[in-house]
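Breakdown of the fold
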Amino acid sequence: MGPSGSGKSTFAMVFARRCADRGERAAVFLFDEARETMLARMRGIGMGIDAHVEAERVEVTQVDPAQLSPGEFLHRVQAAVDEKKCRVVIIDSVNGLLQSMPNESFLLLQLHDMLMYLGQQGVLTVLVSTEHGILGRRVAGSMDVSYLADTVILARYFEARGAVRKALSVMKKRTGGHEKTIREYDITSSGVGIGEPLVEFQGVLTGVPAYTGEKRGAGGA
Ligand SMILES: Nc1ncnc2c1ncn2[C@@H]1O[C@H](COP(=O)(O)OP(=O)(O)OP(=O)(O)O)[C@@H](O)[C@H]1O
Ligand SMILES: [Mg+2]
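Reference entry: report on the structure contained in this document. The shown structure was predicted, so the numbers you read here are calculated from the model rather than taken from an experiment.

Turning our attention to the nonpolar core. Ranked by size, the top nonpolar core spans 33 residues in total, and within it Ala16, Ala26, Val28, Val89, Ile90 and Ile91 carry the most contacts. Sorting the residues of this core by element identifies helix H1 (8–21), strand S2 (25–30), helix H2 (35–44), helix H4 (70–82), strand S4 (86–92), helix H5 (94–99), helix H6 (104–120) and strand S5 (124–128) as the ones contributing at least two each. Not counting residues within four places of it along the chain, the set of residues in contact with Ala26 comprises Ala16, Cys19, Ala20, Arg57, Val58, Cys86, Arg87, Val88 and Ile90.

Spelled out as structure tokens, the structure:
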């Protein structure tokens, strides 16, 4: 989960690409953006999946919520796993999926059942969740599905040294311990890079970190 533009779709698609690289199948359901936008972005970061799409190792479905009922959507996910043996399912985003529902609480129950089923089948399900605004602060009345997830990775923007930068951290992992550091990451034309833990800043997740490391040179931090 993370704010708009932070790189959630890119991260999710890296899981699909790696799955296909192993020769396994992935199913991607796009609610928010056009299929071509996603394919072009993956090409742009040197992780193009066109050949995998061609070979049907990655199946991309662009969902128009006005056209597809939630029941049909759940049926398609099940078919991707049962019939096509997909090992990774990406839902981008869960906000888009919830918007397609007249009754949100009913969908949450169905989503819960679907995730349990996929988990039992050994399928990795990646749910992309967009937070409101650029700072990613939750607003009253918005849906939180993080309680359904076994693992939550949180992305944040932060401002430091005159630039807007991005950081991620693992907030939760149901099956065991996890790294608790906050690391900077960047999406460039050569892929997704994750840096060293940000130990010299405090308050990164708030978006306004303070530099607590040693001052370097005349200009300090
Ligand atoms: N070829 C590229 N070179 C450098 N940066 C790129 C490239 N392609 C994408 N990016 C970066 O990735 C960001 C978009 O990532 P992505 O679409 O995965 O974000 P998102 O969190 O899914 O956004 P949204 O909430 O709008 O769906 C861009 O804002 C840009 O900073
Ligand atoms: Mg996205």
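Taken together, 16 residues are adjacent to ligand 1, and Ser4, Lys8, Ser9, Thr10 and Gly44 come closest. Only H1, H2 and strand S9 (183–188) provide two or more residues apiece to the shell around ligand 1. Counting residues per element, the shell around ligand 1 draws most heavily on H1, at 3 residues.

What follows is about the sheet that holds S9. Ordered by their spatial adjacency, 4 strands build an open sheet running S7-S8-S9-S10, and the pairing between neighbours is antiparallel. The open sheet has two free edges, formed respectively by strand S7 (151–160) and strand S10 (191–197), since each of these has just one partner strand. Shown here is a sheet whose adjacent strand axes are inclined to one another by a mean of 35°, direction ignored. Bridge count for S9 against S10 is 5 bridges, and the pairing is antiparallel. Of the residues in S10, the one forming a bridge with Ile187 is Val192.

With that settled, consider the pairing of S4. When you tally the buried positions in S4, you get 6 out of 7 residues, the bulk of the element. In this structure, S2 lies alongside S4, joined through 6 bridges in parallel fashion. Its bridge partner being in S4, Arg25 is matched across the sheet by Cys86. In this structure, S4 lies alongside S5, joined through 5 bridges in parallel fashion. From the neighbouring strand, Asp92 faces S5, where its bridge partner is Val128.

This brings us to unusual backbone geometry. The peptide bond linking Asp92 to Ser93 adopts the cis configuration, its omega dihedral lying at 5°. Following the sequence through the fold, Ser93 ends up in the loop between S4 and H5. With phi around 60°, Lys85 is a residue other than glycine that occupies positive phi space. With respect to the helices and strands, Lys85 occurs in the loop between H4 and S4. For Lys85, a count of 11 C-beta atoms within 10 Å gives the class exposed. Phi at Arg161 is positive, roughly 50°, even though this residue is not glycine. The residue Arg161 is located in the loop between S7 and strand S8 (163–173) in this model. Residue class for Arg161 comes out exposed when judged on the 8 C-beta atoms lying within 10 Å of it.

How each quantity is defined
- Position numbers for residues start from 1 in each chain and track the written sequence from start to end.
- Whichever chain is written first becomes A and whichever ligand is written first becomes 1, with later ones labelled in order.
- Residue-level local features of this predicted model are given only where pLDDT is at least 70; pairs of side-chain atoms are given and counted only at 80 or more, and the full residue set underlies all totals for whole chains, interfaces and linings.
- By convention in this section, buried Ala, Val, Leu, Ile, Met, Phe, Trp, Tyr and Cys residues joined through C-beta atoms within 7 Å make up a nonpolar core.
- Note on burial: count the other C-beta atoms lying within 10 Å of the residue's C-beta; 20 or more is buried, 12 or fewer is exposed, in between is partly exposed, and C-beta positions come from the backbone.
- Secondary structure counts use DSSP, requiring at least four H or I residues in a row for a helix and at least two E residues in a row for a strand, with both numbered from the N terminus.
- Any pair of residues counts as being in contact when their C-beta atoms, constructed from backbone geometry, are within 7 Å of one another.
- Using a C-beta atom placed from the backbone, a residue is scored as near a molecule or strand whenever that atom is within 6 Å of it.
- When DSSP locates at least two bridges between a pair of strands, those strands are taken to pair.
- Lines fitted to C-alpha atoms define the axes here, with helix axes fitted over just the stretch in contact, and angles between the N-to-C directions of these axes take values from 0 to 180 degrees.

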